[in-house]
Amino acid sequence: MRLDGVGRRYGLRGPWVLREVDLALPAGALVRITGTNGTGKSTLLRLIAGIDAPTRGRITGRPARTAYVPERFPAALPFTVGGYLLHLGRVQGLGRAEAAARAGEWLERFGAGAFAGTPLAELSKGSSQKVAVAQALLADPPLLVLDEAWTGLDTVARAELDRAVRDRVAAGATVVFVDHDPRRLAGEADAVFAVEAGRVRAEAAEVRSEASPARSEAGRLRSETGESPSVRADRRVRIVVSGGRALPDGIPGSPSYAPAEDGTTTVCTVDAAHSDALLRALLAARPPWHIHQLSTEGVRV
Ligand SMILES: Nc1ncnc2c1ncn2[C@@H]1O[C@H](COP(=O)(O)OP(=O)(O)OP(=O)(O)O)[C@@H](O)[C@H]1O
């Protein structure tokens, strides 16, 4: 996956938060993003995850399915924990039984199995964060984007998330993360990018210490050579939707689905050549999905 000449500003005359960002994110790599408060780390993560579109430049080669844990998880949704995860699993393309099974497994792994029937709005901050993390891990995403995802988790759950991240990378996924604690997965990142004054600068890969758990050698090699095997030059279309039912399997164009940060909508992205098929499926669902916004990389339609 690549970002080429990417810039992002909020509003027509707002200051550029990010400018001229050129970045290669290899598959099978763990990528740490650093930077002081307010420099644009979350903005960069939202662009990488496809939750937000660049004002300028292009993002290509995003894996078909992406998952994202926002810095603030919107807990006030009208779902129980189990119902929410089932819904998200279905949106991410899992069958009903598989979505329910995986939801249960991830809740257990994070020590939140007892909350399956609890309304999201009644969860503590820590339990709510476990749900935020579980929804992102449900469907083995090839791209996992974590914005301070460890914050609010207890020690056991934090270690579990460390493990889940290592497993994803070992399975060939790209995991991009921000964490305020520099000790988080210390020595394990294959690439480190620092956000500073609107620019993104590559730093040296971290040196693995004897104590660091072994991980995908392929990912390390790819990041060292800068090779990015999954680059596709096609444009992607973003469709922001809410309210409909799970979509059928087999929609062409590798659509990906991720919860938007506002907590009420879902962001679907698909290759431009297949956006009509996805739109038809969204409108044909019963009840149909409500379309809030349609855009291509950087262009609102
Ligand atoms: N939706 C938005 N509308 C307007 N301005 C925004 C929006 N999101 C972020 N910004 C601005 O963009 C800049 C970068 O914010 P961002 O949240 O990306 O930084 P950050 O490095 O993640 O910060 P922190 O470390 O505090 O989480 C800030 O000045 C912020 O106020």
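Looking at an unreviewed UniProt entry, one finds the protein chain named ATP-binding cassette domain-containing protein and attributed to Streptomyces lateritius.

## Structural notes on the overall build of the protein chain
A tally of regular secondary structure across the protein chain gives seven helices and 14 strands. Relative to its full complement of 301 residues, the protein chain shows a buried share of 46%. Contacts spanning at least 24 positions in sequence make up 73% of the contacts within the protein chain whose residues lie at least 6 apart.

## What to know about the sheet that holds strand β4 (residues 56-60)
Working definition: the strands of a sheet are paired by backbone hydrogen bonds and lie parallel or antiparallel to each other. The three strands are arranged β2-β1-β4 in an open sheet whose pairing can be described as antiparallel. The strands lining the two open edges of the sheet, one partner per strand, are β2 (16-24) and β4. The mean inter-strand angle of the sheet, taken between neighbouring strand axes irrespective of direction, is 25°. Pairing of strand β1 (residues 2-9) with β4 involves four bridges; the strand directions are antiparallel. In the sheet register, D4 faces β4, and the bridge partner there is R58.

## Some thoughts on helix α2 (residues 81-91)
In terms of burial, α2 is a largely internal element, eight of the 11 residues being buried. Considered for burial, the residues of α2 that qualify are V81, Y84, L85, L86, L88, G89, R90 and V91. G93, located one to two residues past α2, shows a positive phi value of around 100°.

## Describing helix α5 (residues 155-170)
Between the first and last C-alpha of α5 there are 23 Å, a value that for 16 residues agrees with the 22 Å anticipated at 1.5 Å per step. Listed in full, the buried residues belonging to α5 are A157, L161, A164, V165, R168 and V169. Angularly, the buried residues of α5 cover 130° about the axis, an arc narrow enough to put them on a single face. Facing away from the buried side of α5 by more than 90 degrees, the exposed set consists of T155, V156, A159 and R163.

## Focus on the environment of V133
One can find V133 in helix α4 (residues 125-137). Residues V133 and L107, spaced 26 residues apart in sequence, show a C-alpha to C-alpha distance of 9.5 Å. Excluding residues within four positions of it along the chain, V133 makes contact with V69, F110, A149 and L161.

## Describing the site of the ligand
The environment of the ligand is formed by Y10, V17, G35, N37, G38, T39, G40, K41, S42, T43 and E71. Among the elements that make up the shell around the ligand, the one with the highest residue count is helix α1 (residues 41-49) (three residues). Of the residues contributing to the shell around the ligand, the split by class is two nonpolar, seven polar and two charged.

## Some points on the sheet that holds strand β8 (residues 191-196)
An order of β5-β6-β7-β3-β8-β9 is seen for the six strands of this open sheet, with the pairing classed as mixed. Unpaired on one side and paired on the other, β5 (66-69) and β9 (199-203) mark the two borders of the sheet. Along the sheet, successive strands turn relative to each other by an average axial angle of 20°, direction set aside. As paired strands, strand β6 (residues 143-147) and strand β7 (residues 174-178) are joined by five bridges and run parallel to one another. Bridge pairing in β7 links L146 to F177. The strands that α1 touches are β3 (30-34), β5, β6, β7, β8 and β9; relative to β6, the one it contacts most, it runs at about 160°.

## Side note on the pairing of β9
If a strand is regular, its side chains alternate between the two faces of the sheet. For β8 and β9, the ladder comprises five bridges, and the chain directions are antiparallel. Along β9, the bridge assignment pairs V195 with V200.

## Focus on the domain arrangement of the protein chain
Looking at the protein chain, the domain boundaries give domain 1 (1-64 + 142-233), domain 2 (74-137) and domain 3 (235-301). The interface is formed by 10 residues belonging to domain 1 together with 10 residues belonging to domain 2. Looking at the side of domain 1 that touches domain 2 element by element, the count peaks at five residues for α5. Here the side of domain 1 that touches domain 2 is built from residues that sort into seven nonpolar, one polar and two charged.

Calculation criteria
- Residues numbered from 1 in each chain as written.
- Predicted model: local features only at pLDDT ≥ 70, side-chain atom pairs only at ≥ 80, totals over all residues.
- Helix = DSSP H or I, 4+ residues; strand = E, 2+ residues; numbered from the N terminus.
- Buried ≥ 20, exposed ≤ 12 C-beta atoms within 10 Å, placed from the backbone.
- Contact = placed C-beta atoms within 7 Å.
- Pairing = 2+ DSSP bridges.
- Axes fitted to C-alpha atoms, helices over the stretch in contact; angles between N-to-C directions.
- Expected span 1.5 Å × (residues − 1).
- Arc of directions from axis to C-beta.
- Near = placed C-beta within 6 Å.
- Nonpolar A, V, L, I, M, F, W, Y, C, P; charged D, E, K, R; others polar.
- Domains from an automatic or database assignment.

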